[in-house]
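One-letter residues, chain by chain:
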Amino acid sequence: MAEIVSQPVGKGFYIMRLLTVILFLLLSNTVFASPDTFILLRHAEKKEGPNPSLTEAGQARAERLVTLLKDYDIKHIFSSNYNRTLETAKPLSDKLAITVTHYNPRQLSALATQLKTLKGTIVIVGHSNTTPEMVKLLSGLNVSVSESEFHKVFVVKGKSVTELSSN
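Note that the structure is a prediction, hence the values are computed from the model and not measured.

Caption draft 1: Structural detail: the overall build of the protein. On a plain count of helices and strands, the protein comes out with five helices and six strands. Starting at the N terminus and ending at the C terminus, the protein contains elements arranged as α-β-α-β-α-β-α-β-α-β-β. In the protein, which comprises 167 residues, the share counted as buried stands at 40%. Here the protein displays about 10200 Å² of accessible surface, and carbon together with sulfur accounts for 57% of that area.

Caption draft 2: Main features of unusual backbone geometry. Here the phi dihedral of Asn 51 falls at roughly 45°; this positive angle occurs in a residue that is not glycine. Structurally, Asn 51 is set in the loop between strand S1 (37-42) and helix H2 (56-68). We note that Ala 97 has phi near 55°; this positive angle belongs to a residue other than glycine. Inspection of the secondary structure assignment puts Ala 97 in the loop between helix H3 (83-96) and strand S3 (100-103).

Caption draft 3: Quick peek at the side chain of Thr 131. Positionally, Thr 131 belongs in helix H5 (residues 130-139). By relative accessible area, which is 3% here, Thr 131 ends up buried. The residues contacting Thr 131, other than those within four sequence positions of it, are Leu 40, Leu 41, Arg 42, Gly 126 and Phe 154.

Caption draft 4: Representation of the packing of aromatic side chains. Tallied over the full model, the rule gives zero aromatic pairs. If you follow Arg 84 out to its NZ or CZ, it ends over the ring of Tyr 82, 5.0 Å from the centre.

Caption draft 5: Geometry of the sheet that holds strand S6 (residues 160-165). Read from one edge to the other, the open sheet built from six strands follows the order S3-S2-S4-S1-S5-S6, with strand pairing classed as mixed. Two strands bound the open sheet, and with one partner strand each, they are S3 and S6. Taking each pair of neighbouring strands and ignoring which way they run, the sheet shows an average axis angle of 25°. Both strand S2 (residues 74-80) and strand S4 (residues 121-126) contribute to a ladder of five bridges, which runs parallel. The residue bridging Ile 74 from the neighbouring strand is Thr 121, located in S4. Relative to S1, H5 is tilted by about 165°, and along the sheet it contacts S1, S3, S4, strand S5 (152-157) and S6.

Caption draft 6: Expanded view of the environment of Pro 52. Along the chain, Pro 52 falls in the loop between S1 and H2. Classification of Pro 52 by relative accessible area gives buried; the value is 6%. In this structure the C-alpha to C-alpha distance between Pro 52 and Asn 83, which are 31 residues apart in sequence, comes to 6.1 Å. Apart from residues no more than four positions distant in its own chain, Pro 52 is found in contact with Lys 46, Lys 47, Asn 83 and Arg 84.

Caption draft 7: Region of interest: the pairing of S2. Where burial is concerned, most of S2 is hidden: five out of the seven residues are buried. Here S2 runs beside S3; their pairing, made up of four bridges, is parallel. Among the inter-strand pairings, Ser 79 is bridged to a residue of S3, identified as His 102. A crossover links S2 with its parallel partner S3, the connecting element being H3, and its sense is right-handed.

Caption draft 8: Highlighting H3. Along its 14 residues, H3 runs 20 Å from first to last C-alpha, staying within 8% of the 20 Å computed at 1.5 Å per residue. The largest bend in H3 amounts to roughly 40° and is located at Lys 90, with the proline Pro 91 lying one to four residues further along. Restricting attention to buried positions, one finds in H3 the residues Arg 84, Thr 85, Thr 88, Ala 89, Pro 91, Leu 92 and Ser 93. Of the residues flanking the end of H3, it is Ala 97, one or two places downstream, whose phi is positive at about 55°.

Procedures and definitions
- Residues numbered from 1 in each chain as written.
- Predicted model: local features only at pLDDT ≥ 70, side-chain atom pairs only at ≥ 80, totals over all residues.
- Heavy atoms only, no water.
- Helix = DSSP H or I, 4+ residues; strand = E, 2+ residues; numbered from the N terminus.
- Buried < 20%, exposed > 50% of the residue type's maximum accessible area, 1.4 Å probe, protein only.
- Areas by Shrake-Rupley, 256 points an atom, 1.4 Å probe, with all protein chains shown as cover.
- Contact = heavy atoms within 4.5 Å.
- Phe/Tyr/Trp six-rings, centres within 6.5 Å; stacked < 30°, edge-to-face > 60°.
- Lys NZ or Arg CZ within 6 Å of the ring centre and 35° of its normal.
- Pairing = 2+ DSSP bridges.
- Axes fitted to C-alpha atoms, helices over the stretch in contact; angles between N-to-C directions.
- Right-handed = clockwise from strand over helix to strand, strands pointing away.
- Expected span 1.5 Å × (residues − 1).
- Bend = angle between axes of the 7 residues up to and from the residue.

Below, the structure is given as structure tokens:
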């Protein structure tokens, strides 16, 4: 029968084990990074016509978003490439010195996949049809935004959604 010989374990063994655990934790945080919070909203009130700009009321609402979202650690701002969404994002972008990243509103699944790889709080400015769809893609929950609603702001943390108002 073979004899099992145990060898004493020194400090070096424990230090290497601790370093391995620390390295694993650091890499896990980087590799499995995910956003803290998603903030989704429809553009503010718009004028009529093709690719319209915001009305005065819409510009005022866009300015109020800066105050409404001041306590969030926003790292990224995404907007479809339309005047109304870009103008809604502009006051927040200017205040935080964050460049707005354009996205294609016809490729929301790809956007959701991209957003989930980022870190920090992310603001997404969309439309009455794309905002509820993005909330569903990011949280699995249904919300609604009618054509006459510009005040709804959805905060997604994990699988929960909180509705704020920009009124």
